[in-house]
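One-letter residues, chain by chain:
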Amino acid sequence: MTGLLVMAYGTPRTLDDVEAYLAHIRGGRRPSAEQVRHLQDRYRRIGGRSPLDEITRAQAAAVAEQLRRRGRAVRPYVGYKHARPFIADAVAQMAADGVREAVGVVLAPHYSRLSVGAYLEEASAAARRAGVALRCVSDWHDHPGFIAAVAARVRQALEDLPDAHVVFTAHSLPARILSWGDPYPDQLARTCALVAERAGLQEWTFAYQSASATSEPWLGPDVADVLRDLRAAGRRAVIVCPVGFVADHLEVLYDIDIEARQVASDIGLRLARTRSLNADPDVVAALADLAAQALEESR
Ligand code: FEC
């Protein structure tokens, strides 16, 4: 049996798990009690927990089902970067189940050495240890199925708010990635241009979101500043399209739906958000294409 390793960020199961989760994100450094409380409050504001785990599992099952329909039976495994089951746990489970060949995909379309690169390194190391021949998809920012799915969401949102200006967003990263020639900003720009073309947008803006408060500079402009600039330029409505994410989770449900919406409301700007892709059939088909192609290439 071939394995399908679907990798995503991971989320704490309960508010009590937030401390260990945050410590893991911080590379093992223990967070202060205030940092933990602050993050727990954000989860409380979105209903006590993030839906990311359920959505990731649904996406993995849907991609496996799509591959099965194409005559390519795979067994899906979910592995997280910052929560259980970790990527290495999923790979070890594959090996224990007798899987010797697998394909891996990260549920983040844009490659950065700091984000997708770290997932892939962890997956490859675990696969080497477990004796699983693993081939991974490294990015899929311009896959036509992904572009079409996002463009459809943009068009749907514009039906309700036809005069809105579209703001694409993605997670910020420390600005030092620019000195490595990291492809992340260019891949994001390419996705936005392709979606805009497909959705027929005359103009649009890109902003980063969710930067952490650390001592180093992060990529900008930040979405809050972009919203203020758009309002100052006379705009009355925006549609935020978090193009760097493929699921509903904290960074969408809190950072956009609560935090950015508050900024917008304070300055008299209407804000709507495109619906997240989650297990959208177009994106599931795109991921199945990529997985099938990677399996072909490994033959
Ligand atoms: O719903 C959930 O429970 C999880 C939501 C979640 C997703 C996510 C995706 C990305 N992150 C990326 C980069 C960074 C960098 C740091 C960082 C920190 C956090 C914290 C939380 C968090 N991230 Fe995240 N991220 C999610 C959640 N992220 C919580 C910690 C508190 C905070 O800063 O807000 C900084 C780490 C450090 O301190 O050194 C860098 C990137 C993505 C999109 C790609 C992906 O999904 O992997 C990039 C979902």
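Note: the structure precedes this text.
Residues numbered from 1 in each chain as written. Predicted model: local features only at pLDDT ≥ 70, side-chain atom pairs only at ≥ 80, totals over all residues. Heavy atoms only, no water.

Examining the overall build of the protein chain
When you go through the protein chain residue by residue, the secondary structure sums to 11 helices and eight strands. The globule rule puts the C-alpha radius of gyration for 299 residues at 19 Å, and the 19 Å found for the protein chain is close to it. Taking the principal axes of its C-alpha atoms as reference, the protein chain extends roughly 60 × 45 × 40 Å. Looking at the protein chain residue by residue over its 299 residues, the buried ones come to 53%. As presented, the protein chain carries roughly 13700 Å² of accessible surface, and 48% of it is formed by carbon and sulfur atoms. (Helix = DSSP H or I, 4+ residues; strand = E, 2+ residues; numbered from the N terminus. Rg over C-alpha atoms; globule rule 2.2 N^0.38 Å. Buried < 20%, exposed > 50% of the residue type's maximum accessible area, 1.4 Å probe, protein only. Areas by Shrake-Rupley, 256 points an atom, 1.4 Å probe, with all protein chains shown as cover.)

Topic: the state of the cysteines
Throughout the structure, instances matching the rule amount to zero disulfides. Just so you know, C192 is unpaired, no disulfide at all, and the nearest cysteine sulfur is the one on C241, 7.7 Å from it. (Disulfide = S-S within 2.5 Å.)

Thoughts on the coordination of the iron atom of the ligand
Its sole protein donor being Y9 (OH), the iron atom of the ligand sits 2.4 Å from that atom. Here Y9 is to be found in the loop between β1 (2-8) and α1 (18-25). (Donors = N, O, S within 2.8 Å, 3.2 Å for Na, K, Ca; no water.)

Section: unusual backbone geometry
That bond from R84 to P85 is cis: its omega, -10°, falls within 30 degrees of zero. Within the secondary structure, P85 sits in the loop between β2 (74-80) and α4 (87-96). For the bond running from G220 to P221, omega is 5°, close enough to zero to count as cis. Here P221 shows up in the loop between β6 (204-209) and α8 (223-232). One non-glycine residue, S210, lies in positive phi territory at about 65°. Relative to the elements of secondary structure, S210 occurs in the loop between β6 and α8.

As for α4
Taken together, the buried positions of α4 are occupied by I87, A90, V91, M94 and A95. Angularly, the buried residues of α4 cover 140° about the axis, an arc narrow enough to put them on a single face. At its buried positions, α4 is contacted by β1, β2, β3 (101-106) and α5 (116-130). Once α4 ends, the next one or two residues include G98, with phi positive near 90°. (Arc of directions from axis to C-beta. Contact = heavy atoms within 4.5 Å.)

Observations concerning the environment of R75
Mapped onto the secondary structure, R75 falls in strand β2. Relative accessible area serves as the criterion here: at 38%, R75 is assigned to the partly exposed category. Placed 214 residues apart in sequence, R75 and D289 show a C-alpha to C-alpha distance of 16 Å. If we ignore the near neighbours within four places in the chain, the residues touching R75 are M1, T2, G3, L4 and D97. Looking at R75, its side chain comes within polar contact range of the side chain of D97, at 3.3 Å. (Polar contact = N/O pair within 3.5 Å; in protein donor to acceptor, adjacent residues only side chain to side chain.)

Considering the nonpolar core
Burial of nonpolar side chains together is a common tendency in soluble globular proteins. W140, F146, V154 and F168 are the most contacted members of the largest nonpolar core, which has 66 residues in total. Sequence-distant contacts of F168, defined by excluding residues within four places in its chain, comprise V154, C192, V195, A196, L201, W204, T205, F206, A207, C241 and V243. Judged by nonpolar contacts, the second largest core, of 19 residues, contains L5, A95, V99 and Y119. (Core = buried A, V, L, I, M, F, W, Y, C linked by side-chain atoms within 4.5 Å.)

Some remarks on the side chain of S115
Within the element layout of this structure, S115 appears in the loop between β3 and α5. Exposure remark for S115: the relative accessible area of 15% places this residue in the buried category. Apart from the residues within four sequence positions on either side, S115 is in contact with K81 and H110.

A look at the environment of T11
Mapping T11 onto the fold places it in the loop between β1 and α1. As a C-alpha pair, T11 and A151 span 140 residues in sequence and 28 Å in three-dimensional space.

Observations concerning the site of the ligand
In the neighbourhood of the ligand, 23 residues make up the surrounding shell, with Y9, T11, Y43, S50 and Y119 lying closest. With respect to the ligand, the side chain of Y43 contributes an N or O atom lying 2.6 Å from an oxygen atom. Here the shell around the ligand is built from residues that sort into 14 nonpolar, seven polar and two charged. (Near = heavy atom within 4 Å. Nonpolar A, V, L, I, M, F, W, Y, C, P; charged D, E, K, R; others polar.)

Considerations on the pattern of salt bridges
Counted under the stated rule, the structure contains 20 salt bridges. A salt bridge links R42 to E251, with the shortest nitrogen-to-oxygen separation between them at 3.3 Å. In this pair, R42 is assigned in helix α2 (residues 33-45) and E251 in helix α9 (residues 250-253), connecting sequence segments 209 residues apart. Accessibility assignment for this pair places R42 and E251 in one class, buried. Here R68 and E65 are joined by a salt bridge, their closest N and O atoms 2.7 Å apart. Highlighted residues: R68 and E65, both in helix α3 (residues 52-69), separated by three residues, approximately one helical turn. Given the relative accessible area of 27%, E65 is considered partly exposed. Taken together, the shared-partner salt bridges in this structure form one network comprising D248, D257, R261 and R273. (Salt bridge = Lys/Arg side-chain N within 4 Å of Asp/Glu carboxyl O.)

Fair warning: the whole summary comes from geometry, so function is off the table for now.
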